[in-house]
Amino acid sequence: MEDCLFCKIVNKEIPSDNLYEDEEVLAFRDISPQAPSHIVIIPKQHIRSTAEIDGSNQLLAGKIIAAASEIAKKLSLEGYRLVFNCNEIAGQTVFHLHCHLLGGRRFGWPPG
Ligand code: AMP
Ligand code: ZN
């Protein structure tokens, strides 16, 4: 999709530090890390947010989580947090579905 930052990363119009790629999923280091390991995992297909996940594309959500699991093992993370921000009120700033994989430090609960 035009004017979508993460579509531009998929199309290599913007550089990224990739950690994982397959036909449907791409993962790269977050440009503004909130933890020692902070990776963004996206579907290559433009989907606006988790609000657009339904029966037609739910397999992609599983693939994103499977990629997170593989990356976490590769980085030898003891534990990690997966975050999907959905819509502006929840902190979403890039409106192309993505999962944050955060690790390398302790996280509090409940989140802020
Ligand atoms: P969110 O706030 O959930 O929409 O997350 C968007 C994330 O994308 C933020 O953590 C940003 O730091 C990250 N981000 C923005 N631009 C880039 C970029 N060019 N490369 C990597 N990560 C980015
Ligand atoms: Zn996009």
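Structural data are supplied above this passage.
Residues numbered from 1 in each chain as written. Chains lettered and ligands numbered in written order. Predicted model: local features only at pLDDT ≥ 70, side-chain atom pairs only at ≥ 80, totals over all residues. Heavy atoms only, no water.

Draft legend 1. Looking closely at the pattern of salt bridges. Tallied over the entire structure, the rule returns four salt bridges. Put simply, Lys 63 and Glu 24 hold a salt bridge, and the shortest N to O gap is 2.5 Å. Of this pair, Lys 63 sits in helix H2 (residues 58–74) while Glu 24 is found in the loop between strand S1 (18–21) and strand S2 (25–29), placing the two residues 39 residues apart along the sequence. (Salt bridge = Lys/Arg side-chain N within 4 Å of Asp/Glu carboxyl O. Helix = DSSP H or I, 4+ residues; strand = E, 2+ residues; numbered from the N terminus.)

Draft legend 2. Local environment of the coordination of the zinc ion (ligand 2). Each protein donor to the zinc ion (ligand 2) is listed here as Cys 4 (SG), Cys 7 (SG), His 46 (ND1) and His 96 (ND1); together their distances run 2.0 to 2.3 Å. One chain supplies every donor to the zinc ion (ligand 2), and in sequence these donors are spaced C-x2-C-x38-H-x49-H. Remark: His 96 occurs in the loop between strand S4 (80–83) and strand S5 (99–103) and Cys 7 occurs in helix H1 (residues 5–10); sequence separation between them is 89 residues. Take His 96: its relative accessible area is 0%, and that puts it in the buried class. (Donors = N, O, S within 2.8 Å, 3.2 Å for Na, K, Ca; no water. Buried < 20%, exposed > 50% of the residue type's maximum accessible area, 1.4 Å probe, protein only.)

Draft legend 3. Geometry of the side chain of Ser 37. Relative to the elements of secondary structure, Ser 37 occurs in strand S3 (residues 37–43). For Ser 37, the contacting residues outside a window of four places in its chain are Leu 75, Leu 77, Leu 101, Leu 102 and Gly 103. (Contact = heavy atoms within 4.5 Å.)

Draft legend 4. Layout of the site of ligand 1. For ligand 1, the set of nearby residues contains 15 residues, the closest of which are Asp 30, Asn 85, Thr 93, His 98 and His 100. One nitrogen or oxygen atom from the main chain of Gly 91 is found 2.9 Å from an oxygen atom belonging to ligand 1. Take His 100: an N or O atom from its side chain is 2.8 Å from an oxygen atom of ligand 1. Protein coverage of the free-state accessible area of ligand 1, which is 500 Å², stands at 84%. Every element with two or more residues in the shell around ligand 1 is listed here: H1 and S2. The element that contributes the greatest number of residues to the shell around ligand 1 is H1, accounting for three residues. Its residues assigned to classes, the shell around ligand 1 comprises six nonpolar, seven polar and two charged. (Near = heavy atom within 4 Å. Polar contact = N/O pair within 3.5 Å; in protein donor to acceptor, adjacent residues only side chain to side chain. Areas by Shrake-Rupley, 256 points an atom, 1.4 Å probe, with all protein chains shown as cover. Nonpolar A, V, L, I, M, F, W, Y, C, P; charged D, E, K, R; others polar.)

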